[in-house]
Amino acid sequence: MATPTTSKYDQYLNKKLSLKTSFTVLLVMVLVVWSFLYTGFSISDLMVGLPQIGNFFVQMVPPDWSYIHIILQPMLDTIRAAIVGTSLGAIASIPISLICASNIIKTKWITIPARFLLNILRTIPDLLLASIFVAIFGIGQVPGVLALFVLSISIIAKLFYESLETIDPGPMEAMTAVGANKIKWIMFGVIPQTVSIFLSYVLFSFEINIRASAVLGLVGAGGIGLFYDSTLGLFLYSKTAMIILFTLVIVVVIDYVSSKVRERLI
């Protein structure tokens, strides 16, 4: 049976948690209302625009099936760009992840700046990266590949170095005890524990890059996105529908294959 002191303490804790919950809910509500007011969001405007969404989809039906032979090559270019960008990003992510992992590199003045730079890289939107590379290299596949390369690093390196910090330290400690150098320490102590995890992250990044590469063409980074931009700009909605369907099929197939491969790796 609880003592009176314990009962009062429990009541105090419950009251404190209740006040904290109420304050959190109130704060969230204030932020939501404030966001609605300052974004100019209007339910009436939304209701006026909803019928236009229906009209837009009506104009997409039926899709222009004859357009598929025109967009086949750009779609293959999009897939190739995703493959190249992911592959290069995966290779570059390995040393970056090793530098960021505090159990691999135990010098904080190296790991902390490396993580900070990686976080900065992750905050840059892929469309902004593509726009910058288009301004530098011009319209084409190169800006798209470079944007996907940076995007892959930001995804794989972040996930992989966090996984590195959770590996079993036993093999590394044993190798250190027998005088193994840093390279052997990584090759035989770290890689065997993380290779399957790393490959699963690469496949996950590839799935994201397929979707991203289809959008990057909107800013001139090549691939199928250029055709999205041109068909929408010319109000050729039946052709846009064909591009959307084709892209959807490709993405679903790649997602399914990648998920099955990742299930076998993990």
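Scope of this entry: the structure provided in the associated data block.

What counts, and where the lines are drawn
Residues numbered from 1 in each chain as written. Predicted model: local features only at pLDDT ≥ 70, side-chain atom pairs only at ≥ 80, totals over all residues. Heavy atoms only, no water. Axes fitted to C-alpha atoms, helices over the stretch in contact; angles between N-to-C directions. Helix = DSSP H or I, 4+ residues; strand = E, 2+ residues; numbered from the N terminus. Parallel < 35°, antiparallel > 145°, perpendicular 65-115°, else oblique. Left-handed = near helix turned anticlockwise from the far one by under 90°. Contact = heavy atoms within 4.5 Å. Nonpolar A, V, L, I, M, F, W, Y, C, P; charged D, E, K, R; others polar. Buried < 20%, exposed > 50% of the residue type's maximum accessible area, 1.4 Å probe, protein only. Polar contact = N/O pair within 3.5 Å; in protein donor to acceptor, adjacent residues only side chain to side chain.

Attention shifts here to the packing of helix H5 (residues 126-137) against helix H6 (residues 141-164). For the pair H5 and H6, interaxial distance at closest approach is 8 Å and the crossing angle is 140°. The pairing of H5 with H6 is recorded here as oblique in orientation. Crossing handedness for the pair H5 and H6: right-handed. Taken together, the residues of H6 that come into contact with H5 (itself represented by Asp126, Leu129, Ala130, Phe133, Val134 and Phe137) are Val142, Pro143, Leu146, Ala147, Val150 and Leu151. Tallied by class, the residues present in the contact of H5 with H6 amount to 11 nonpolar, no polar and one charged.

With that settled, consider the side chain of Ser163. Note on placement: Ser163 falls in helix H6. By relative accessible area, Ser163 is classed as buried at 10%. Here Tyr201 takes part through its side chain, which lies 2.7 Å from a polar atom of the side chain of Ser163. Those residues in contact with Ser163 that sit more than four places away from it in its chain are Ile197 and Tyr201.

The values reported here are purely geometric and, on their own, carry no functional implication.
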